Amino acid sequence: MLLSEEQIRHFEDWGYVVARDVLGDAELEPVRAAIAAAVDDKAHELHAEKEIVDLYETASFTRRLVKISQETGTEAFSWNNQVFSRAIYDLLMAPAVLDVAESLLGPELTVNGDYWVRPKLPGGRLTTLPWHQDSGYYGPASLAVPILSLWIPLVDVDERNGCLKVIPGSNKWGLLPSQSNGTHLEPTEDVEARAEPKSLPMRTGDILAFGQYTFHASGENSSEEVRWSIDLRYSPTGYDMEWLFERYPGFIARSRKNPNSVESWEMWRGYRQSGRNVTDEPVQV
Ligand SMILES: O=C(O)CCC(=O)C(=O)O
């Protein structure tokens, strides 16, 4: 279902909108299964390397990586390649997800290949993100392209486990200067002095949409479970995306003008396997 005019106006005025209760288990369970398989692979790899003595096979979706990380003493960053799968393609192509993207970008939609699964661990530093604008990470080439993020929680989120926060209205500020703190980008000025931030508690099934200029951040996870989420990105078809696609190939996901141009899972998988340089370096936004 397309967003209402009121929701679209909220996005245009404030730089974000939360669409409630849009997705169900049919869309989310296959993604959770793909993540669980990636965690299982990781556990077996670490076990073979004698980094862990227990595979923690009976631990739940939200606890297994906590136990593994406690034993190795290491943190997880964000995952792209590790979870590349048909399940991710199906979520990117889910009509309910594409309807949100179409409402905000129009009906000609290209998926940007830089989706990220975020294993935000209890107390994790790497996945506690300071205020940033996605175009700060993308760089100047991104300024010519509308880029929409759809942030999807895979567990219920609130301030306790590090839900997303936004600065409403920051979408109208343009790109502000930022600098690296060694791990992440940070704005060079105190952006909270410009406008009041807003925390966005969400339930599974909700989708948060925001644009590339909207300041967003996520706090520390002070629960005992992983705050799993996935963020997807879309642009209107027809823009030069080579600066991104050479690392994270995307594909045409929806087209009213030319429905035959929509690209299949096999095609996307081919783009990823054709020698383009997909990495998991921390260029994520
Ligand atoms: O999931 C998070 O904590 C941060 C997400 C983010 O910064 C993004 O989706 O651009």
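Let me begin by describing the structure that accompanies this report.

About the criteria used
- Counting restarts for each chain, with residues numbered from 1 along the sequence as it is written.
- Two thresholds apply to this predicted model, a pLDDT of at least 70 for residue-level local features and 80 or more for giving and counting side-chain atom pairs, whereas whole-chain, interface and lining totals are computed over all residues.
- Definition of nonpolar core: a set of buried Ala, Val, Leu, Ile, Met, Phe, Trp, Tyr and Cys residues joined via C-beta atoms within 7 Å.
- Comment: burial labels come from other C-beta atoms within 10 Å of the residue's own C-beta, placed from the backbone, where a count of 20 or more is buried, 12 or fewer is exposed, and between is partly exposed.
- Helix and strand definitions here come from DSSP, where helices need a minimum of 4 consecutive H or I residues and strands a minimum of 2 consecutive E residues; each element is numbered from the N-terminal end.
- Residue pairs qualify as contacts under a 7 Å threshold applied to their C-beta atoms, which are placed from the backbone.
- A pair of strands is considered paired only if DSSP assigns at least 2 bridges between the two.
- In this analysis an axis means a line fitted to C-alpha atoms, helices contributing only their contacting stretch, and an angle means the value between N-to-C directions, from 0 to 180 degrees.

## A short note on the nonpolar core
Part 1 of the reasoning: Membership of the largest hydrophobic core comes to 64 residues, with the highest contact counts inside it found for L92, V100, A101, L150, I207, L208 and A209.
Part 2 of the reasoning: If one sorts the elements of this core by residue count, helix α2 (residues 25–48) sits on top with 6 residues.
Part 3 of the reasoning: If sequence neighbours within four positions are ignored, L150 has contacts with V97, V100, A101, I207, A209, D231 and L232.

## Description of the sheet that holds strand β9 (residues 207–211)
Part 1 of the reasoning: Reading across from one edge, β1-β9-β4-β11-β2-β12 is the order of the 6 strands in this open sheet, with antiparallel pairing throughout. In this open sheet, the two edge strands, each paired with only one partner strand, are β1 (16–19) and β12 (251–254). Each adjacent strand pair in this sheet contributes to an overall mean axis angle of 30°, direction not counted.
Part 2 of the reasoning: For strand β2 (residues 109–120) and strand β11 (residues 227–236), the ladder comprises 9 bridges, and the chain directions are antiparallel. Bridging across to β11, L109 finds its partner in P236.
Part 3 of the reasoning: Against the sheet, helix α1 (residues 5–14) touches β1 and β9, its axis set at about 150° to β1.

## Some details on the sheet that holds strand β8 (residues 198–199)
Part 1 of the reasoning: With antiparallel pairing, the 4 strands of this open sheet are ordered in space as β3-β10-β5-β8. One side of each edge strand has no neighbouring strand; the edge strands of this open sheet are β3 (129–132) and β8.
Part 2 of the reasoning: Pairing geometry for strand β5 (residues 164–166) and β8, over 2 bridges, is antiparallel. Paired with K165 across the bridge in β8 is S199.

## Quick look at the pairing of β9
Part 1 of the reasoning: Summarising burial for β9: 5 of the 5 residues are buried, a large majority.
Part 2 of the reasoning: Taken together, the 4 bridges between strand β4 (residues 148–153) and β9 define a ladder with antiparallel strand orientation. Looking at β9, one finds that S149 is bridged to F210.

## Details of unusual backbone geometry
Part 1 of the reasoning: Backbone geometry at D21 places phi at a positive 55°, although glycine is not the residue there.
Part 2 of the reasoning: Considering the arrangement of structural elements, one finds D21 in the loop between β1 and α2.
Part 3 of the reasoning: Judged by local crowding, D21 falls into the exposed class, with 11 C-beta atoms found within 10 Å.
Part 4 of the reasoning: Positive phi, close to 60°, is recorded for K50, a residue that is not glycine.

That's the geometry; what it means functionally is another story.
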